[in-house]
Amino acid sequence: MRLRTLLLVLAIVLLAAFAALNVDEFTRVSVLSLGFTTVQVPLGLVMLLLLVVAVVVFLASTLYIQSANLLETRRYARELNTQRELADRAEASRFTELRNYLEVQAIAAQQRESATGTVLAERFAQQQQALLDRIEQSDNTLAAYMGQLEDRLERRAGGYNNSRPNDSINNPLV
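Residues numbered from 1 in each chain as written. Predicted model: local features only at pLDDT ≥ 70, side-chain atom pairs only at ≥ 80, totals over all residues. Heavy atoms only, no water.

(A) Geometry of the overall build of the chain. Secondary structure summary: the chain contains four helices and two strands in total. When the helices and strands of the chain are placed in sequence order, the string is α-α-β-β-α-α. Relative to the globule expectation of 16 Å for 174 residues, the C-alpha radius of gyration of the chain, 60 Å, shows a markedly less compact shape. Principal axes of the C-alpha set define a box for the chain whose edges measure 180 × 30 × 20 Å. With 174 residues in all, the chain has 3% of them scored as buried. When contacts within the chain are restricted to residue pairs at least 6 apart in sequence, those whose partners lie at least 24 apart make up 12%. (Helix = DSSP H or I, 4+ residues; strand = E, 2+ residues; numbered from the N terminus. Rg over C-alpha atoms; globule rule 2.2 N^0.38 Å. Buried < 20%, exposed > 50% of the residue type's maximum accessible area, 1.4 Å probe, protein only. Contact = heavy atoms within 4.5 Å.)

(B) Spatial organisation of the pattern of salt bridges. Under the criterion given, the structure shown has four salt bridges. Note that E85 and R89 form a salt bridge whose closest N and O atoms lie 3.8 Å from each other. Linking E85 with R89, this pair stays in helix α3 (residues 43-163), spanning four residues, or about one helical turn. Note on E85: relative accessible area 45%, which makes it partly exposed. Residue class for R89 comes out exposed when judged on its relative accessible area of 54%. Across the pair R99 and E103 runs a salt bridge, and its minimum N-O distance is 4.0 Å. Placement of the pair is R99 and E103 together in helix α3, with a separation of four residues, close to one helical turn. On the basis of relative accessibility, which here comes to 41%, the residue E103 falls in the partly exposed class. (Salt bridge = Lys/Arg side-chain N within 4 Å of Asp/Glu carboxyl O.)

(C) Looking closely at a nonpolar patch on the surface. Nonpolar side chains collect at one region of the surface, where L3, L7, L10 and L14 lie side by side and expose about 430 Å² of accessible area between them. Mapped onto the elements, L14 comes out in helix α1 (residues 2-21). Overall, L14 belongs to the exposed group, its relative accessible area being 54%. (Patch = residues over 30% accessible without salt bridge, like charges linked within 9 Å, V, L, I, M, F, W, Y side chains within 5 Å. Areas by Shrake-Rupley, 256 points an atom, 1.4 Å probe, with all protein chains shown as cover.)

(D) Main features of the pairing of strand β2 (residues 38-42). For strand β1 (residues 29-33) and β2, the ladder comprises five bridges, and the chain directions are antiparallel. Across the sheet, residue V31 finds its bridge partner in β2, namely Q40. With antiparallel pairing between neighbouring strands as the criterion, β1 and β2 make up a hairpin whose turn holds four residues, including G35 at a positive phi of roughly 105°. (Pairing = 2+ DSSP bridges.)

(E) How the structure looks around the environment of T62. Following the sequence through the fold, T62 ends up in helix α3. In sequence terms T62 and L51 are 11 residues apart; their C-alpha atoms lie 16 Å from each other.

(F) Inspection of the environment of F95 at higher detail. Relative to the assigned elements, F95 resides in helix α3. F95 sits in the exposed class, given a relative accessible area of 52%. The sequence separation of F95 and L15 amounts to 80 residues, and the corresponding C-alpha distance is 66 Å.

Below you can see the structure in the form of structure tokens.
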């Protein structure tokens, strides 16, 4: 855009220089027909005036189009910023919802973990109690068997001691 402006200014300066160098020819009077009448005016000045009017109209048109584009660009920029802010708020809202969801899930996982830990601790306690009960039963059973064996040994030892004192040594479990 800067190059176009430079070329336009250069063209205007060259035209002005051309008009200044040929001012005598531009100011020479000629007879011009307007269709319904004739007028004596300098043709060069009329053409120069028409050229200046055309340049002013084109410059005004260009200025209007550029200002309209600038205003539209600003309006689009404001709308874009509004949409960006809206998207940022929506994204922040989604992040907040995600964080809340993750916190709820973490709390639920901790509760499940503690409940599982409690259930496991209860089961271990039950298994330990069952194991202790079995061990106690085994001890009682073993003690009963040993008591029975001692009774048998004492009865046999008592019966052998009365009849044959040396037989119990030779055959202790008979």
